[in-house]
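# Structural description and commentary
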Amino acid sequence: MQTLSTKPSLSDSGGPLLAGVATAVAGTGAVLAFADADSVLRGPFTLFFLLVAPGAAIGAGLRGLEPFGRVVASVAGAIAVNLLVAQAMIATHSWSVSGGIAAVTVVSSLVLLLSLVRRVRGRTERRRT
């Protein structure tokens with residue numbers, strides 16, 4: 001007997017393609033900001049990077065939530081990371097655009113790394129028991 005599903009899967013709706021395009025746009029925004037390029041796309045792409053990088057890192061750690069709750073928590077976390085980085089840089093009198101983007105990149109990478117380490121550690125502990 002075959003089960004028919006009425007819900008399209010994420011892979012059928014172009015999910016991997018959309019993720020690839022989002023990664024390319026975010027990466028382009030970071031490169032344009034670091035290069036200090038005079039482009040019309042620099043502002044929107046950089047803003048996209050500043051929202052997507054920490055949001056994706058936080059979303060990777062929230063695997064147990066429902067999709068809508070995960071998106072809301074990721075966006076709120078991304079805004080909080082950006083505000084905390086900006087506040088810390090202003091308080092230390094070291095504000096710069098490229099420094100802010102670098103700091104957000106480092107914080108996002110650390111959050112993503114911690115969630116990946118926790119996931120791998122959880123798998124190895126389950127295998128031992």
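Residues numbered from 1 in each chain as written. Predicted model: local features only at pLDDT ≥ 70, side-chain atom pairs only at ≥ 80, totals over all residues. Heavy atoms only, no water.

### Looking at the packing of helix α2 (residues 42–61) against helix α3 (residues 67–91)
Spelled out, the test is: Throughout, an axis means a line fitted to C-alpha atoms (over the contacting stretch in the case of helices), and angles, computed between N-to-C directions, take values from 0 to 180 degrees. Numbered from the N terminus, helices here are DSSP runs of H or I no shorter than four residues, and strands are runs of E no shorter than two. Oblique is the label for any angle not under 35 degrees, not over 145, and not in the 65 to 115 range, which are roughly parallel, roughly antiparallel and roughly perpendicular in turn. Two helices cross in a left-handed way if the nearer one is turned anticlockwise from the farther one by less than a right angle. They cross in a right-handed way if the turn is clockwise. Whether two residues are in contact is decided by their heavy atoms: any pair within 4.5 Å suffices. Residues are grouped as follows: Ala, Val, Leu, Ile, Met, Phe, Trp, Tyr, Cys and Pro are nonpolar; Asp, Glu, Lys and Arg are charged; every other residue, Gly included, is polar.
Contact pair α2 / α3: the axes reach a minimum separation of 8 Å and the direction vectors enclose 125°. Relative to α3, α2 is oriented oblique. Viewed along their axes, α2 and α3 form a crossing whose handedness is right-handed. Residue-level contacts link Leu50, Leu51, Pro54, Gly55, Ile58, Gly59 and Ala60 of α2 to Arg70, Ala73, Ser74, Gly77, Ala78, Ile79, Val81 and Asn82 of α3. Across the contact of α2 with α3, the residue classes tally to nine nonpolar, five polar and one charged.

### Structural notes on the UniProt feature "transmembrane region" (unreviewed entry) in the protein chain
Defined as follows: UniProt positions are given in the numbering used here, feature names are shortened, and annotations may be inferred rather than shown by experiment.
Mapped onto the present numbering, the UniProt feature "transmembrane region" (unreviewed entry) falls on residues 45–65, 72–91 and 97–117. Across residues 45–65, the secondary structure splits into 81% helix and 0% strand, with the terminal C-alpha atoms separated by 28 Å. In residues 72–91, helix accounts for 100% and strand for 0%; the two terminal C-alpha atoms are 28 Å from one another.

### Some remarks on the nonpolar core
To be explicit about the condition: In these notes, a set of buried Ala, Val, Leu, Ile, Met, Phe, Trp, Tyr and Cys residues joined through side-chain atoms within 4.5 Å is what counts as a nonpolar core. To sort residues, take the accessible area from a 1.4 Å probe on protein chains only and compare it with the maximum for the residue type: under 20% means buried, over 50% means exposed, and anything in between is partly exposed.
Membership of the largest hydrophobic core is limited to six residues, which are Ala26, Ala30, Ala33, Phe49, Ala53 and Ile101. Listing elements by their share of this core, those giving two or more residues are α1 (15–35) and α2. A total of three residues in this core trace back to one element, the largest contributor, which is α1. For Ile101, the contacting residues outside a window of four places in its chain are Ala30, Ala33, Phe34, Thr46, Phe49 and Leu50. Core analysis: the second largest hydrophobic core is formed by five residues, Ile58, Val85, Met89 and Val104 among them.

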